[in-house]
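What follows is the residue order along each chain.
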Amino acid sequence: MSDSARPAVILLSGGLDSATTLAIARAAGFRSYCLSFDYGQRHRAELVAAARVATALGATEHRVLKLDLGQFGGSALTDDNIAVPVDGVQPGIPVTYVPARNTIMLSLALAWAETLGSRDIFVGVNAVDYSGYPDCRPEYIAAFETMANLATKAGVEGERLTIHAPLIDLSKAEIIRRGTALGVDYSLTVSCYQADAEGRACGVCDSCRLRHEGFIAAGLADPTPMRNAS
């Protein structure tokens, strides 16, 4: 990729959606600066997966910032006293919602983008199979973009910043098909909310269910290793 390519910051969790988003940014010709967060999540295997994905998809740089959101708790992903739901996706906002997580992460991505001279941030949020998270909706992304252009030196000086959410209107199956066409190796990713240290999935949390159903709908085999596999 040319050194003259425009830089973009990509939020990379190590999961299916963010890996696909990175592939889309790469295919669009951006130099990818990937940002992951060690925020106290119980599924820290996703950080190992993020490093694998960044390498496989040719990221220019990959950084991991440490944030202890577990100090606040309030989510099954950051508080071991709150169980991860395993009885199927239910209506409403689930206990796996991490308060203000996307706002915090996008804000830090914005800070890095400014220092890089980047006007583009990519995030893999999805409003179709999003499990009820309020910070995965189109109106949220639009509002954050507006704020970013009001709150930054670049925005004030007329260098408009864009928040790209290329998966926002896609089903999980459509995301998988898009990523597969772009060469994403989904065996490198970890989606499970309670994956073990080796990245093996539980198969019953909301994220596992949505991923598995997406692969079935896409007509492809899910390469996720399972903890209960014989």
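The structure contained in this document is the topic of the report that follows.

Definitions and cut-offs
One numbering rule holds for all chains: residues counted from 1, following each sequence as written. With pLDDT at 70 or above as the cut-off, local features in this predicted model cover only qualifying residues; side-chain atom pairs require 80 or more to be listed or tallied, and sums for whole chains, interfaces and linings still use all residues. Think of the side-chain values as coming from all heavy atoms in the structure, minus any hydrogens and water. Each nonpolar core is a collection of buried residues, namely Ala, Val, Leu, Ile, Met, Phe, Trp, Tyr and Cys, held together in the definition by side-chain atoms within 4.5 Å. Partly exposed describes any residue whose relative accessible area lies between the buried limit of under 20% and the exposed limit of over 50%, with all areas from a 1.4 Å probe on protein chains only and scaled to the type maximum. Numbering of helices and strands starts at the N terminus; helices are DSSP runs of H or I of at least 4 residues and strands are runs of E of at least 2. Contact definition: two residues touch when any of their heavy atoms are within 4.5 Å. The criterion for strand pairing is that DSSP finds at least two bridges linking the strands in question. Handedness of a crossover: with both strands directed away from the viewer, a clockwise path from the first strand across the helix to the second marks it as right-handed. To estimate how far a helix should reach, multiply one less than its number of residues by 1.5 Å. To be clear, the arc concerns the directions from the helix axis to the C-beta atoms. To define axes, lines are fitted to C-alpha atoms, for helices over the stretch in contact only, and angles between the resulting N-to-C directions are given on a 0 to 180 degree scale. Working rule for handedness: look at the near helix, and if it is turned counterclockwise from the far one by less than a right angle, call the crossing left-handed; if clockwise, right-handed. All residues other than Ala, Val, Leu, Ile, Met, Phe, Trp, Tyr, Cys, Pro, Asp, Glu, Lys and Arg, Gly among them, are scored as polar; the first ten of these are nonpolar and the last four charged. Salt bridge criterion: a side-chain nitrogen from Lys or Arg within 4 Å of a carboxyl oxygen from Asp or Glu.

### Notes on the nonpolar core
Counting 40 residues, the largest nonpolar core has Leu11, Leu106, Ile121, Val123, Ile141 and Ile163 as its most contacted members. Contributing elements (two or more residues each) for this core: β1 (7-11), β2 (31-38), α2 (45-56), α3 (101-116) and α4 (138-151). It is α3 that contributes the most residues to this core, six residues altogether. The residues contacting leucine 106, other than those within four sequence positions of it, are Leu11, Ile121, Val123, Tyr140, Ile141, Phe144 and Ile163. In this structure, Ile10, Leu167, Tyr186 and Ala218 belong to the second largest nonpolar core, which totals 26 residues.

### Here's the deal with the pairing of strand β3 (residues 61-66)
Of the pairings in the sheet, the one linking β2 to β3 comprises six bridges and is parallel in character. Within the sheet, the bridge partner assigned to serine 36 lies in β3 and is valine 64. For the segment spanning β2, α2 and β3, crossover handedness is right-handed.

### Comments concerning the pairing of β1
Among the five residues that make up β1, five are buried, leaving the element largely enclosed by the rest of the structure. Residues of β1 alternate between two faces, with Pro7, Val9 and Leu11 on one and Ala8 and Ile10 on the opposite face, all of them buried. When β1 meets β2, the two strands line up parallel, connected through five bridges. Within the sheet, the bridge partner assigned to proline 7 lies in β2 and is arginine 31. A crossover links β1 with its parallel partner β2, the connecting element being helix α1 (residues 16-27), and its sense is right-handed. By the bridge criterion, two bridges tie β1 to strand β4 (residues 120-122) in an arrangement that is parallel. In the strand pairing of β4, isoleucine 10 is matched with phenylalanine 122.

### As for α4
Its 14 residues give α4 an end-to-end C-alpha distance of 20 Å, which sits within 8% of 20 Å, the value for a rise of 1.5 Å per residue. Along α4, the residues classified as buried are Tyr140, Ile141, Phe144, Glu145, Ala148 and Asn149. All buried residues of α4 fall inside an arc of 165° around its axis, so they share one side.

### Here's the deal with the packing of α3 against α4
Axes are the key here: two packed helices are described by the angle between their axes and the distance separating the axes. α4 packs onto α3 with a crossing angle of 35° between their chain directions and a minimal axis gap of 12 Å. α3 and α4 meet at a crossing whose hand is right-handed. Touching Asn102, Thr103, Leu106, Ser107 and Leu110 of α3 are Tyr140, Ile141, Phe144 and Ala148, all from α4. Among the residues making up the contact of α3 with α4, the classes are represented as six nonpolar, three polar and no charged.

### Considerations on the sheet that holds β3
By definition, the strands of a sheet pair up through backbone hydrogen bonds, in either a parallel or an antiparallel sense. What the five strands build is an open sheet, ordered β3-β2-β1-β4-β5; its pairing is parallel. Two strands bound the open sheet, and with one partner strand each, they are β3 and β5 (162-164). Between one strand axis and the next, the sheet turns by 25° as a mean value, whatever way the strands run. α2 rests against β2 and β3 of the sheet, and its axis sits at about 175° to β2.

### A closer look at the pattern of salt bridges
As a working rule, side chains carrying opposite charge can pair if their charged atoms are close by. Under the counting rule described, the total for this entry stands at 12 salt bridges. Between arginine 6 and aspartate 120 there is a salt bridge, with the nearest N and O atoms lying 2.6 Å from each other. Here arginine 6, found in the segment before β1, pairs with aspartate 120, found in strand β4; they are 114 residues apart in sequence, far enough to count as distant. Classification of aspartate 120 as buried rests on a relative accessible area of 3%. Of the charged contacts in the structure, one is a salt bridge between arginine 200 and aspartate 196, with a shortest N-O distance of 2.7 Å. Its relative accessible area of 34% is what places arginine 200 among the partly exposed residues.

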